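Overview (structure and organization)
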Amino acid sequence: MATIVTVGELRSILGVSTSLYSDSYLTDVIDTAESVILPMLVTYATAVDKVSLTDNVATFHTTNIHEFSEGQSVVITGCGTPFNGTRTVLEGVTAYEFTAAITNADVLEINVIPSGLATLSGASTYVGVSAVESAVLAVSVEVFQSRIAPGGQIEGIDFTSVSPYRLGRSLFNRVSGLLGAYLDTESMVQ
């Protein structure tokens with residue numbers, strides 16, 4: 001669901017009406033843009049390689065030092081039942097482990113193969129950050145234009161292709177200056 005940019009903002013930028021493009025269509029465009037931008041931003045995500053559950057307290061072991069603190073909501077995926085879901089971090093956080101309350105029978109420590117993922121909950125961290133909003137809007141406009149232009153290309157007035165690879169690697173390059181301060185450098189090396 002569109003979080004950083006609203007349908008109304010995108011509709012205003014594009015100058016389209018609700019009778020021409022529905023809210024669900026524009027929400028899909030924004031979701032696509034956010035799914036491109038958000039994974040590159042600092043989200044405090046880390047891989048989970050081991051899990052266990054004892055006395056209704058789940059322990060998550062991470063492969064890297066995580067940035068989670070007591071009381072934060074963390075979304076766990078890829079760890080299986082009963083571990084997956086949004087969990088609140090309990091006290092006793094260490095560099096490579098954090099715990100959360102889960103009501104279930106005990107589960108002995110198991111390796112998670114392939115690794116699961118623990119991510120600080122929500123893109124709401126970037127709501128109101130002008131640079132990120134501008135980047136999401138720019139990518140949203142490009143996605144919208146590529147969907148409505150024949151063949152995904154827009155032609156100039158002289159019938160030449162203005163942008164043959166509209167959604168290529170250069171799309172990120174055009175917004176990377178806006179995102180520079182918020183990029184997760186660890187995601188570039190992994």
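Everything discussed here concerns the structure shown above.
So, here is what we can say about the structure in this document. (Residues numbered from 1 in each chain as written. Predicted model: local features only at pLDDT ≥ 70, side-chain atom pairs only at ≥ 80, totals over all residues. Heavy atoms only, no water.)

**Quick word on the sheet that holds strand 5 (residues 97–101)**
Taken in spatial order, the 6 strands of this open sheet run 4-3-6-1-2-5, and their pairing is antiparallel. Because the sheet does not close on itself, it has two edges, and the strands there are strand 4 (85–88) and strand 5. Across the sheet, the mean angle from the axis of one strand to that of its neighbour is 40 degrees, orientation sign disregarded. With 5 bridges connecting them, strand 2 (residues 57–62) and strand 5 associate as antiparallel partners. In the strand pairing of strand 5, T59 is matched with T99. (Pairing = 2+ DSSP bridges. Helix = DSSP H or I, 4+ residues; strand = E, 2+ residues; numbered from the N terminus. Axes fitted to C-alpha atoms, helices over the stretch in contact; angles between N-to-C directions.)

**Digging into the nonpolar core**
Nonpolar side chains in soluble globular proteins generally cluster together in the buried interior. Within the largest apolar cluster, 28 residues are counted, with the highest numbers of intra-cluster contacts made by L10, L26, I37, L41, V132 and L179. Mapped onto this core, the elements with two or more residues apiece are helix 1 (7–14), helix 2 (23–37), helix 3 (130–148) and helix 4 (169–179). At 8 residues, helix 3 tops the list of elements feeding residues into this core. By size, the runner-up hydrophobic cluster in this structure holds 17 residues, among which are I76, V89, F98 and V112. (Core = buried A, V, L, I, M, F, W, Y, C linked by side-chain atoms within 4.5 Å. Buried < 20%, exposed > 50% of the residue type's maximum accessible area, 1.4 Å probe, protein only.)

**Quick word on the packing of helix 2 against helix 3**
Packed helices, taken two at a time, are described by their axes: the angle between them and the distance between them. In the contact formed by helix 2 and helix 3, the axes pass within 8 Å of each other and the chain directions differ by 125 degrees. The orientation of helix 2 relative to helix 3 falls into the category oblique. For the element pair helix 2 and helix 3, the recorded crossing hand is right-handed. Across the interface between the two elements, Y25, L26, D28, V29, I30, T32, A33, E34 and I37 from helix 2 touch A135, V136, V139, S140, V143, F144, R147 and I148 from helix 3. Looking at the contact of helix 2 with helix 3 residue by residue, the classes come out as 12 nonpolar, 2 polar and 3 charged. (Parallel < 35°, antiparallel > 145°, perpendicular 65-115°, else oblique. Left-handed = near helix turned anticlockwise from the far one by under 90°. Contact = heavy atoms within 4.5 Å. Nonpolar A, V, L, I, M, F, W, Y, C, P; charged D, E, K, R; others polar.)

**Side note on the side chain of T27**
Within the secondary structure, T27 is located in helix 2. T27 sits in the buried class, given a relative accessible area of 18%. At 2.8 Å, the side chain of T27 and the backbone oxygen of D23 are in polar contact. (Polar contact = N/O pair within 3.5 Å; in protein donor to acceptor, adjacent residues only side chain to side chain.)

**Some details on unusual backbone geometry**
Among all residues save glycine, negative phi is the norm, and among peptide bonds the norm is trans. Each neighbour pair has its own omega, and for T81 with P82 the value is 5 degrees, a cis peptide bond. Inspection of the secondary structure assignment puts P82 in the loop between strand 3 (73–77) and strand 4. Along the chain, I113 connects to P114 via a cis peptide bond; the corresponding omega equals -10 degrees. As for its position among the elements, P114 is in strand 6 (residues 107–120). Backbone geometry at N56 places phi at a positive 65 degrees, although glycine is not the residue there. Residue position: N56 is located in the loop between strand 1 (45–54) and strand 2. Note on N56: relative accessible area 34%, which makes it partly exposed.

**Thoughts on the packing of aromatic side chains**
One pass over the structure, following the stated rule, counts 6 aromatic pairs. Residues Y21 and F144 carry aromatic rings whose centres are separated by 4.9 Å and whose planes lie at 80 degrees to one another, so their mutual orientation is edge-to-face. Taken as a pair, Y21 in the loop between helix 1 and helix 2 and F144 in helix 3 lie far apart in primary sequence, 123 residues in all. The buried category is assigned to Y21, whose relative accessible area is 19%. Residue F144 is classed as buried on the basis of its relative accessible area of 3%. A connected cluster of aromatic rings, assembled from ring pairs, spans F60, F68, F83 and F98. Seen from the ring of Y25, R147 lies directly overhead, with NZ or CZ sitting 5.7 Å from the centre. (Phe/Tyr/Trp six-rings, centres within 6.5 Å; stacked < 30°, edge-to-face > 60°. Lys NZ or Arg CZ within 6 Å of the ring centre and 35° of its normal.)

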